[in-house]
Amino acid sequence: PRAASAKVTLSTEFHSLRLGNAADLWYTGGGVFQPWTFGYTGRAASGRKALANLYDLSVDYRVNPRLTLSGYAGYAKGLSVVSSIYPRGANARFGYLEAFIRF
């Protein structure tokens, strides 16, 4: 859902992250910047498919036509694949703040 005013936009989302099948790997990485791994690695899912449920919120504040301040916060609740690999810490949090200046 989105809520907007002349200066503020709020957005929330929910994502259910699953593997295509239980024989797949959980792939992570940033892309083709490491020639020895092609930038991705895979972890065995041990016959499971459920990775995580991701909940997030973003806020954009237009200070003026040239400056926008943004913030993002996300929380991932680790499910069976992640819990089997990280049993003592399957959940994750991520956030950032940014300023966008138009010239």
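Look a little higher up for the structure.
## Some details on the side chain of D56
Okay, step 1: Position of D56 relative to the elements: it lies in strand β5 (residues 50-64).
Okay, step 2: Residue classification places D56 among the buried residues on the basis of a relative accessible area of 14%.
Okay, step 3: At 3.0 Å, the side chain of D56 forms a polar contact with the side chain of Y72.
Okay, step 4: Those residues within four positions of D56 in sequence are excluded, and the remaining contacts are S11, T12, E13, H15, Y72, A73 and G74.

## With respect to a nonpolar patch on the surface
Okay, step 1: Taken together, L10, L57 and V59 make up a surface patch of nonpolar side chains, about 200 Å² in accessible area.
Okay, step 2: Within the fold, V59 resides in strand β5.

## Some remarks on the packing of aromatic side chains
Geometry of an aromatic ring pair is reported as the spacing of the ring centres plus the angle between the planes.
Okay, step 1: Evaluated as defined, the whole model comprises five aromatic pairs.
Okay, step 2: Here W26 and Y86 contribute two aromatic rings whose centre-to-centre distance is 6.4 Å and whose plane-to-plane angle is 85°, an arrangement assigned as edge-to-face. Residue W26 is found in strand β3 (residues 25-29), and its partner Y86 is found in the loop between α1 (80-85) and β7 (92-101); the two are separated by 60 residues along the sequence.
Okay, step 3: Taking relative accessible area as the criterion, W26 reaches 19% and is therefore assigned buried.
Okay, step 4: A residue is classified by how much of its surface remains accessible, and Y86, at 40% relative accessible area, is partly exposed.
Okay, step 5: Ring geometry for Y72 against Y96: centres 5.5 Å apart, planes inclined by 15°, an arrangement best described as stacked. One end of the pair, Y72, is in strand β6 (residues 67-78); the other, Y96, is in strand β7, with 24 residues separating them in the sequence.
Okay, step 6: A relative accessible area of 18% means that Y72 is categorised as buried.
Okay, step 7: The class of Y96 is partly exposed, set by a relative accessible area of 38%.

Conventions adopted
- Residues numbered from 1 in each chain as written.
- Predicted model: local features only at pLDDT ≥ 70, side-chain atom pairs only at ≥ 80, totals over all residues.
- Heavy atoms only, no water.
- Helix = DSSP H or I, 4+ residues; strand = E, 2+ residues; numbered from the N terminus.
- Buried < 20%, exposed > 50% of the residue type's maximum accessible area, 1.4 Å probe, protein only.
- Polar contact = N/O pair within 3.5 Å; in protein donor to acceptor, adjacent residues only side chain to side chain.
- Contact = heavy atoms within 4.5 Å.
- Patch = residues over 30% accessible without salt bridge, like charges linked within 9 Å, V, L, I, M, F, W, Y side chains within 5 Å.
- Areas by Shrake-Rupley, 256 points an atom, 1.4 Å probe, with all protein chains shown as cover.
- Salt bridge = Lys/Arg side-chain N within 4 Å of Asp/Glu carboxyl O.
- Phe/Tyr/Trp six-rings, centres within 6.5 Å; stacked < 30°, edge-to-face > 60°.

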